[in-house]
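Remarks on the overall topology
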2 protein chains.
Amino acid sequence: MHARILTLLIAGMVTGISPLYAADTDQMSVTAPATAQVCAGCHGPRGQGGGIYPRIAGQPAGYLMQQLQLMRSGARINIFMQPVVRRLSDKDIGELADYFSGIQAPFEPSTRPISVVALARGRELVTVGDWREGAPACLRCHGPELAGVTPGIPALAGQSSEYMLTRLQAYKNTEDGSLPVVIMRDASKGLSDGDLQAVAGYIAHMKPGERLQMLRPPRDPSYEFIPQFPDNFKPPPESAIPAGPYGDMIWYGLQIFENTRDAAGPYVGDSLDCSSCHMDHGRRPYSAPMWAAYVLYPQYREKNKKINSLEDRIQDCFRYSMNGAPPAADSPEMQALVTYFHWLAIGLPVGIKPKGAGYLKLPPPAHPADIQRGAAVFAANCVLCHGEDGQGRESHGEQAFPPLWGAKSFNWGAGMERISTAAGFIKANMPYAAGGTLSDLDAWDVAAFVVSHARPQDPRFTGSVEETRKKYHAHDSYYGRVIDGRLLGAPAKPHG
Amino acid sequence: MHARILTLLIAGMVTGISPLYAADTDQMSVTAPATAQVCAGCHGPRGQGGGIYPRIAGQPAGYLMQQLQLMRSGARINIFMQPVVRRLSDKDIGELADYFSGIQAPFEPSTRPISVVALARGRELVTVGDWREGAPACLRCHGPELAGVTPGIPALAGQSSEYMLTRLQAYKNTEDGSLPVVIMRDASKGLSDGDLQAVAGYIAHMKPGERLQMLRPPRDPSYEFIPQFPDNFKPPPESAIPAGPYGDMIWYGLQIFENTRDAAGPYVGDSLDCSSCHMDHGRRPYSAPMWAAYVLYPQYREKNKKINSLEDRIQDCFRYSMNGAPPAADSPEMQALVTYFHWLAIGLPVGIKPKGAGYLKLPPPAHPADIQRGAAVFAANCVLCHGEDGQGRESHGEQAFPPLWGAKSFNWGAGMERISTAAGFIKANMPYAAGGTLSDLDAWDVAAFVVSHARPQDPRFTGSVEETRKKYHAHDSYYGRVIDGRLLGAPAKPHG
């Protein structure tokens, strides 16, 4: 396979202009920079790609720019692109990226036959993921239309299955452990070649602008629920969701969990989903996984000084982390969430704290966490998804990655406002697929940076910041502290 | 010990009148039958007992009569009583039983020193039981003052520790498997001699008329919660209830469970408690134990054709089995019950049906269940606790054993109205401590007898018995059937 691709690539490179598109150069836009003609040779006059050549039209400009720079420097190895890009200036790269990014070239779904089984498996991997294999859903990062997320995450929609398969295989087998390559390496390493083909085939068969739903995968009747001890628990895969009303309720719960603003909108007051803090569909250890929460509630919580049912606890998530108004204990939304969590926990012993419950507890830092240093850690590790301004990223007007502070983020009542909680979460889980790679010091500092920003008022606000701090923030919180000359937790000034 | 008791007993018997009470015979009531004087020799002039001689004053007449008859026939072996009772006629026995039953002889608590540890252990066994050892609480059957339950269950209050210990040891070591002896054999067989002494000592130290509460036992910090596989699950003992608010909530839940009418009165419309159908504090396998229910909900139920949260399911218990109005899903009572069930299930895997869940499923009977035959089975096995009229038994104005039909029993919406459910429950659990001893045929027939009686209307009643039967009783139910010329489920005629 590799040998054949190599041959084709060489064929394209040596002629300078690919025979596939040689006849199309006259369609080139007048605003095209001169250098675009070289690209058009393989990628097509409008950058639409085809066969083994990736579609570059409509890709986020930042992504195109970055890839060209990486290939020019040799950091991304591509022996066919390198001779071309080494001649490009920064200005050339900027112009090319802007140009191809701005092209809305239409594309057609592949007409190549694909088996029903492969299409279903591809859809499962693209929209749901396969947690047995450590594979998150493609749409989680590439956006609900797989149209990419500005500035750094590429569109997949419109790519050919040949190109997708080549890239997925390259990611699966790479030894590059740097970000963001490691994310794709982790996502693909558990998948078989058949799985990669299914993903590639499914994507190639997508219609332009098709909005992907998280579609329920076909049921795998062979999955066995067996009792598991709490130190090595793995929740069941989505394909084990049973048929019938119980399965429907689980699926509804999962939809609320993943797309909380869509499926439980009236209860949400910010731009987060349950899955913003409970990653991988609430499955990930040390990301406060829901299977662990399920078996540990009811429990006493110091936060409200009473026994909390699981429903109470979920209501607090809506009240604080979602900055909203919680659904009632017996509402369909609540029942769906509880049913989903119950199902995730099948086989896990009740009431015994399993490994991976809650967030990681980091040892206290040697020195108080350093906000300024944290800002640098943030800039180096977090902006791909969360943006320089910490406001996350949007994809086609939808929040694709969560805002970490400000009006659209969790309020001051959320547990994540504690430096220690944020540090433990970050250490274990951030950057995505590279959890554990930040030093403890980096995790503490970047956590401090994140939680030292303004955010919505604590719903328990008594009217006095000082009193509210004393009552509810007498811990490692910046609430009621002055940071950069600004009193955190101060009520917003009235408009006008 | 036995040898010494024997000596004392012989001493009493040979003189005819015990030296202990020789001086007291003048206090004998004028209505005493002549034969009572013989009894007074050992049991005291007012039957107050003392030392190794049991208190017979104030015992239920039925109990006294039965014991005298059993000793006369030799079915209850007592070599010292036998020479005396063999001379008694049925009339004598009736007179003696009536006489001593009617005496309200005061008693004093024992002044013999007892250790704090023994008192606490005794209190635990008397008021809570010890489920690790298969020992139910004494007060469960002997009434909340241990004053006995008319007609067949003896009072324990006022008995000396010597007598209690002798009897408990005799029960523990008996080979008599007949009812009701087997109940006491089962209750005591797991207890150490120290435990029996603690029970005897605690009872001897009771004040007359003292109403026993189910008191929280001292905490056993050595108890370990370990994950257990669903085929051999045992819930933790009450002594493992942790300190603090979580433990307090568990204990509150247990109180509601055991004394539902006291602790959750507004929600109960009949004379049952949760523990009427879920025996041994909701612990007993095949008695729909709460640890099994905890791990199996949420689940879909055909009964209401929706996913039921655990709270939904509990609400149905209040609606149907308790013929009441359920507490809200987020009420303190509901939270306490759920917390109690959660704690019972610690270590049990979520979502996997454990052995002993629900009620026993009996194979279908070869012939339709026979109500008339069931009446005979009932008369032979059930009346000690449930009465000839099936209305249970009262102790000092309180329902001590549940009514099985009629206005104070579960309504037609309860699951127990199904012949098969009742048969499975009875086969596994009835008579108490002798579950499994009835033949399948007996269980089917006595179940049919029980559920073929009138009971409160189904809350889902549509206004038509026929329609209600079709909608909600299209199974093995007598609802809407004419039994003994009476249409079951027919609305009560208006008064006047």
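Up top is the structure these notes are about.
Read on for an overview of the structure. (Residues numbered from 1 in each chain as written. Chains lettered and ligands numbered in written order. Predicted model: local features only at pLDDT ≥ 70, side-chain atom pairs only at ≥ 80, totals over all residues. Heavy atoms only, no water.)

**As for empty space enclosed by the protein**
The gaps left among the atoms become clear once a water-sized probe is rolled over them. Applicable threshold: Cavity: a set of points on a 1 Å grid over the protein atoms alone where a 1.4 Å probe fits but cannot get out. Pocket: an open set with protein on both sides within 12 Å along at least five of seven lines, its lining residues, like those of a cavity, having an atom within 4 Å of a point. Grid points are joined across faces, edges and corners, and a volume is the space filled by probe spheres set on the points. Note on conventions: DSSP H or I runs of at least 4 residues are helices, E runs of at least 2 residues are strands, and numbering of each starts at the N terminus.
Enumeration over the complete set of coordinates arrives at three cavities of 30 Å³ or more. Considered as a void within the structure, the largest cavity measures approximately 140 Å³ in volume. Lining the largest cavity, in full, are Y294, Y297, P298, L310, E311 and V338 of chain A together with Y294, Y297, P298, L310, E311 and V338 of chain B. Breaking the lining of the largest cavity down by element, the ones donating at least two residues are α16 (310-321) of chain A together with α16 (310-321) of chain B.

**Looking at the relation of the copies chain B and chain A**
Note the threshold: To line up the copies, we fit them by least squares on C-alpha atoms, keeping just the residues with pLDDT of at least 70 in both. Any two residues whose heavy atoms approach within 4.5 Å at even a single point are treated as in contact.
Relative to chain A, chain B is turned by 180° and slid 0.0 Å along the rotation axis, the superposed coordinates differing by an RMSD of 0.1 Å. Taken together, the turn and the small shift mark the pair as related by a two-fold rotation axis. Considering only C-alpha atoms, the residue of chain B closest to the rotation axis is P349 of chain B, which sits at 2.0 Å. Take the interface residues of chain B: 100% of them recur as interface residues in chain A, which is what a same-surface contact looks like.

**Quick look at the interface of chain B and chain A**
Heads up, the rule is: Put simply, buried area is the surface a 1.4 Å probe can reach on two separate parts but cannot reach once they are joined, added for both. Salt bridge criterion: a side-chain nitrogen from Lys or Arg within 4 Å of a carboxyl oxygen from Asp or Glu.
Each partner contributes residues to the interface: chain B has 33 residues there, and chain A has 33 residues. Surface buried jointly by chain B and chain A totals about 2500 Å² across both partners, of which 71% is contributed by carbon and sulfur atoms. Three residues stand out in chain B for area buried against chain A, namely P298, I307 and V350 of chain B, and they jointly supply 24% of the buried area on that side. The interface formed by chain B and chain A holds zero salt bridges in total.

**Let's talk about the pattern of salt bridges**
Note the threshold: Partly exposed residues are those whose accessible area sits between 20% and 50% of the maximum for their type, while under 20% is buried and over 50% is exposed, using a 1.4 Å probe and protein chains only.
Counted according to the given criterion, the structure contains 54 salt bridges over all chains. A salt bridge links D273 of chain A to R261 of chain A; the nearest nitrogen and oxygen atoms lie 2.7 Å apart. Taken together, the positions of D273 of chain A in the loop between α12 (260-263) and α13 (274-277) and R261 of chain A in helix α12 put the pair 12 residues apart, joining distant regions of the chain. On the accessibility criterion, R261 of chain A (27% relative accessible area) is partly exposed. As a salt-bridge pair, R211 of chain B and E145 of chain B come within 3.5 Å of each other at their nearest N and O atoms. Taken together, the residues span a long stretch of sequence, with R211 of chain B in the loop between α10 (193-204) and α11 (245-258) and E145 of chain B in the loop between α7 (138-142) and α8 (161-173) at a distance of 66 residues. Relative accessible area serves as the criterion here: at 36%, R211 of chain B is assigned to the partly exposed category. Three or more residues are tied together by salt bridges with common partners; here these are R121, E124, D130, R132, D195 and D220 of chain A.

**Overview of the environment of A204 of chain B**
Residue and element names in this part refer to chain B. In this structure, A204 sits in helix α10. For A204 and S115, which are 89 residues apart along the polypeptide, the C-alpha to C-alpha distance reads 13 Å. Aside from chain neighbours lying at most four places away, what touches A204 is P109, S110, Q159, S160 and S161.

**Re the packing of aromatic side chains**
Describing an aromatic ring pair means giving the distance of the ring centres and the angle of the ring planes. Residue and element names in this part refer to chain B. This is how the line gets drawn: Aromatic pairs are defined between Phe, Tyr and Trp rings, using the six-membered ring for Trp, whenever the two ring centres lie within 6.5 Å; interplanar angles under 30 degrees are classed as stacked, those over 60 as edge-to-face, and all others as tilted.
All told, the structure shown has 27 aromatic pairs over all chains when counted by the stated rule. With centroids separated by 5.1 Å and ring planes inclined at 80°, the aromatic side chains of Y223 and F225 adopt a geometry described as edge-to-face. For F225, a relative accessible area of 28% translates into the label partly exposed. When the centroid spacing of 5.8 Å and the interplanar angle of 85° are considered together, the rings of F257 and F341 count as edge-to-face. Of this pair, F257 sits in helix α11 while F341 sits in helix α17 (residues 332-344); the two residues are 84 residues apart in sequence, bridging distant segments of the chain.

Nothing here speaks to function; it is geometry throughout.
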